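# Analysis of the macromolecular model
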Amino acid sequence: MSEGGAWQGNWLVRLYERVRERGFDSLTAFAEARPTVPLHALADELGEDDVAGVQVLRGLLTEAERRKQVTRFVRDVLVRLLSQHLPDGWPAVLDDSSRFTVAQVLAMWASFTPETHEKRVDQAGDTLLASSPPPGWRPLGPDDELLRTLLPDEEV
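## Some remarks on the nonpolar core
By size, the foremost hydrophobic cluster in this structure holds 39 residues, and its most contacted members are L15, L27, L46, V56, F73, W90 and W109. Among the secondary structure elements, those contributing two or more residues to this core are α2 (11–21), α3 (27–32), α4 (39–47), α5 (53–67), α6 (70–85), α7 (96–111), α8 (118–130) and α9 (145–150). When residues in this core are grouped by element, the largest group, eight residues, is from α6. With sequence-adjacent residues up to four places away left out, L15 is seen in contact with L27, L46, V51, Q55 and V56.

As structure tokens, this is what we get:
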């Protein structure tokens with residue numbers, strides 16, 4: 001997608017029109033129907049030439065803030081990043097290559113995290129690196145048991 005096209009006109013109105021055209025009443029409902037699909041792929045589904053992943057991210061965060069479910073949103077973003085970058089699940093061994101990939105995922109996750117949750121995300125990332133999940137662990141949604149342990153649903 002050309003990024004310029006995504007920012008032409010009222011992108012927020014366009015985003016929600018596309019969501020409704022697909023039979024969903026919210027961007028969150030659209031995304032929840034595809035819990036492991038990366039943000040850029042959700043954007044492509046909504047408009048390959050005029051919707052960007054960052055717009056989907058922003059819309060999902062806004063809806064999560066309204067519903068007071070930002071922690072769930074933060075877990076959701078990690079699920080999508082893990083699915084995209086570790087499609088076979090958590091590596092059995094954190095050698096140099098896999099550790100680098102995991103570190104990239106955790107860094108992206110932190111960069112997509114609202115300020116209110118940065119400290120908790122840093123701690124969760126440290127925990128994942130210090131005591132790796134079982135090999136092949138691949139959360140299928142934001143309500144994954146391990147993720148809920150790392151980031152419980154309390155709002156900060």
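## Some words on the packing of α7 against α8
Where α7 meets α8, the axes come as close as 10 Å, and the angle between the chain directions of the two elements is 165°. Compared by their axis directions, α7 and α8 come out roughly antiparallel. For the element pair α7 and α8, the recorded crossing hand is right-handed. Together, R99, V102, L106, W109 and A110 of α7 and V121, D122, A124, G125, L128 and L129 of α8 make up the contact between the two elements. In the contact of α7 with α8, the residues fall into eight nonpolar, one polar and two charged.

## What to know about α7
Over its 16 residues, α7 runs 22 Å from end to end, which matches the ideal 22 Å to within 8%, given 1.5 Å per residue. Taken as a whole, α7 has its buried residues at S98, V102, V105, L106 and W109. With its buried residues spanning 95° around the axis, α7 presents them on a single face. Across from the buried face of α7, at angles greater than 90 degrees, the exposed residues are D96, S97, F100 and S111. In this fold, the buried residues of α7 make contact with α6 and α8.

Rules used in this analysis
Residues numbered from 1 in each chain as written. Predicted model: local features only at pLDDT ≥ 70, side-chain atom pairs only at ≥ 80, totals over all residues. Heavy atoms only, no water. Core = buried A, V, L, I, M, F, W, Y, C linked by side-chain atoms within 4.5 Å. Buried < 20%, exposed > 50% of the residue type's maximum accessible area, 1.4 Å probe, protein only. Helix = DSSP H or I, 4+ residues; strand = E, 2+ residues; numbered from the N terminus. Contact = heavy atoms within 4.5 Å. Axes fitted to C-alpha atoms, helices over the stretch in contact; angles between N-to-C directions. Parallel < 35°, antiparallel > 145°, perpendicular 65-115°, else oblique. Left-handed = near helix turned anticlockwise from the far one by under 90°. Nonpolar A, V, L, I, M, F, W, Y, C, P; charged D, E, K, R; others polar. Expected span 1.5 Å × (residues − 1). Arc of directions from axis to C-beta.

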